[in-house]
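Observations on chain architecture
Here's the letter readout for the chains.
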Amino acid sequence: MGLIRGGGDKNSSMEVLPVNSTNTIKRSSTYAVDTSAAPVTLTVEEGAGIKSFAVFDSAGNFDAQPCYVVIGADTYVLDKKNKQYDFYYDGSSWRWSEINKVVN
């Protein structure tokens, strides 16, 4: 019987960290970003070995004031209200997807 392995490097039990100002991503986690006061920039620390992380719009303001995610030379603009953005490294490049997420 073969071994079935799923999930890869994604960690489904990541803790949720609140963020309301510019910050450095140093570990795989879920970041609850509030851009009510100003846009927020999250920079992934190179060399930290991060394989995945998630960012979501905790205050429903990404459409008014976006969140920026900087990974190396690439900048991703998260500007859709009530979304969660899942980032993961596939071994050669970063990929992302978005899903609806309404926070009450």
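Here, the structure is the one placed above.
Residues numbered from 1 in each chain as written. Predicted model: local features only at pLDDT ≥ 70, side-chain atom pairs only at ≥ 80, totals over all residues. Heavy atoms only, no water.

Some points on the overall build of the protein chain
Of the regular secondary structure elements, the protein chain holds zero helices and nine strands. In sequence order, the secondary structure elements of the protein chain are arranged as β-β-β-β-β-β-β-β-β. Taken over 104 residues, the protein chain has a buried fraction of 32%. Long-range contacts, defined here as pairs at least 24 residues apart, represent 40% of the contacts in the protein chain between residues at least 6 apart. When the accessible area of the protein chain is evaluated, it comes to approximately 6,300 Å², of which 46% is carbon and sulfur surface. (Helix = DSSP H or I, 4+ residues; strand = E, 2+ residues; numbered from the N terminus. Buried < 20%, exposed > 50% of the residue type's maximum accessible area, 1.4 Å probe, protein only. Contact = heavy atoms within 4.5 Å. Areas by Shrake-Rupley, 256 points an atom, 1.4 Å probe, with all protein chains shown as cover.)

Considerations on the side chain of Gln84
Looking at where Gln84 falls in the secondary structure, it is placed in strand β8 (residues 83–89). Here Asp86 takes part through its side chain, which lies 2.7 Å from a polar atom of the side chain of Gln84. Engagement of the side chain of Gln84 in a polar contact is seen with the side chain of Lys101, the distance being 3.4 Å. Filtering out sequence-adjacent residues up to four positions away, Gln84 remains in contact with Ala54, Val55, Phe56, Ser97, Glu98, Ile99 and Lys101. (Polar contact = N/O pair within 3.5 Å; in protein donor to acceptor, adjacent residues only side chain to side chain.)

Topic: unusual backbone geometry
A positive phi angle, near 60°, is found at Asn82, a position not held by glycine. Checked against the element boundaries, Asn82 lands in the loop between β7 (74–78) and β8.

Considerations on the sheet that holds strand β9 (residues 94–100)
Reading across the sheet, the five strands line up as β1-β3-β5-β8-β9 and stay open at both edges, with mixed pairing between neighbours. Single-partner strands in this sheet number two, and they are β1 (16–19) and β9. For this sheet the average axis-to-axis angle between neighbouring strands, irrespective of direction, equals 20°. In this sheet, strand β5 (residues 52–57) lies alongside strand β3 (residues 30–33) in parallel orientation, the contact comprising four bridges. Bridge assignment links Val33 to a residue of β5, and that residue is Asp57. (Pairing = 2+ DSSP bridges. Axes fitted to C-alpha atoms, helices over the stretch in contact; angles between N-to-C directions.)

Thoughts on the packing of aromatic side chains
What the rule picks out here adds up to six aromatic pairs. Each member of the aromatic cluster is reached from another via a ring pair, and the members are Phe53, Tyr76, Phe87, Tyr89 and Trp94. It is Lys101 that lies over the ring of Phe56; its NZ or CZ is 4.4 Å from the centre. (Phe/Tyr/Trp six-rings, centres within 6.5 Å; stacked < 30°, edge-to-face > 60°. Lys NZ or Arg CZ within 6 Å of the ring centre and 35° of its normal.)

Observations regarding the sheet that holds strand β2 (residues 23–25)
If you trace the four strands from one edge of the open sheet to the other, you get β2-β4-β6-β7, paired in mixed fashion. Two strands bound the open sheet, and with one partner strand each, they are β2 and β7. Averaged over all neighbouring strand pairs, the angle between strand axes comes to 25°, with direction disregarded. Note that strand β6 (residues 67–71) and β7 share five bridges and pair antiparallel. Looking across to β7, one finds that Tyr68 is bridged to Val77.

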